[in-house]
Amino acid sequence: MTRLETFLWKLQFPSILAEIAQDVEVVTNACKEVKDSEKLAQILKIILHLGGILNRDNYLSSTSGFKLESLALVSKLFLLWVHMWYMVYLTTL
């Protein structure tokens with residue numbers, strides 16, 4: 001980058017920052033809400049516990065976490081003892 005390009009970028013930086021500042025604030029607030037959500041923490045704990053139950057008798061029985069991609073599979077679980085889909089059951093808690 002030449003000196004002239006650097007100087008030009010330095011002049012444009014405040015307007016670039018102003019354009020993205022609101023988006024950054026929205027993402028920051030969303031992250032805080034997810035982090036502070038007790039209900040989400042409870043739901044994820046239940047999903048982890050269910051995964052432990054489903055994997056009880058195989059090599060995954062000592063799993064201490066899950067991938068976010070696997071959350072999509074939770075919507076396909078049907079709970080026979082309450083006759084409803086697992087995601088519906090979680091929303092009733």
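Here the structure is a predicted model, which is why all the values come from computation and not from measurement.

Cut-offs applied
- Residues numbered from 1 in each chain as written.
- Predicted model: local features only at pLDDT ≥ 70, side-chain atom pairs only at ≥ 80, totals over all residues.
- Heavy atoms only, no water.
- Patch = residues over 30% accessible without salt bridge, like charges linked within 9 Å, V, L, I, M, F, W, Y side chains within 5 Å.
- Areas by Shrake-Rupley, 256 points an atom, 1.4 Å probe, with all protein chains shown as cover.
- Salt bridge = Lys/Arg side-chain N within 4 Å of Asp/Glu carboxyl O.
- Helix = DSSP H or I, 4+ residues; strand = E, 2+ residues; numbered from the N terminus.
- Phe/Tyr/Trp six-rings, centres within 6.5 Å; stacked < 30°, edge-to-face > 60°.
- Buried < 20%, exposed > 50% of the residue type's maximum accessible area, 1.4 Å probe, protein only.

Looking now at a nonpolar patch on the surface. A contiguous nonpolar surface patch, about 530 Å² in accessible area, is contributed by W9, F13, I16, L17, I20 and V24. By the secondary structure assignment, L17 is in helix α1 (residues 3-36).

Here the focus is the packing of aromatic side chains. Scanning the entire structure with this criterion turns up 1 aromatic pair. Centroid distance W9 to F13: 5.1 Å. Interplanar angle 40°. Geometry classified as tilted. Of the two residues, W9 and F13 are both situated in helix α1; the distance of 4 residues between them amounts to about one turn of the helix. A residue is classified by how much of its surface remains accessible, and W9, at 45% relative accessible area, is partly exposed. You can call F13 partly exposed: its relative accessible area is 35%.

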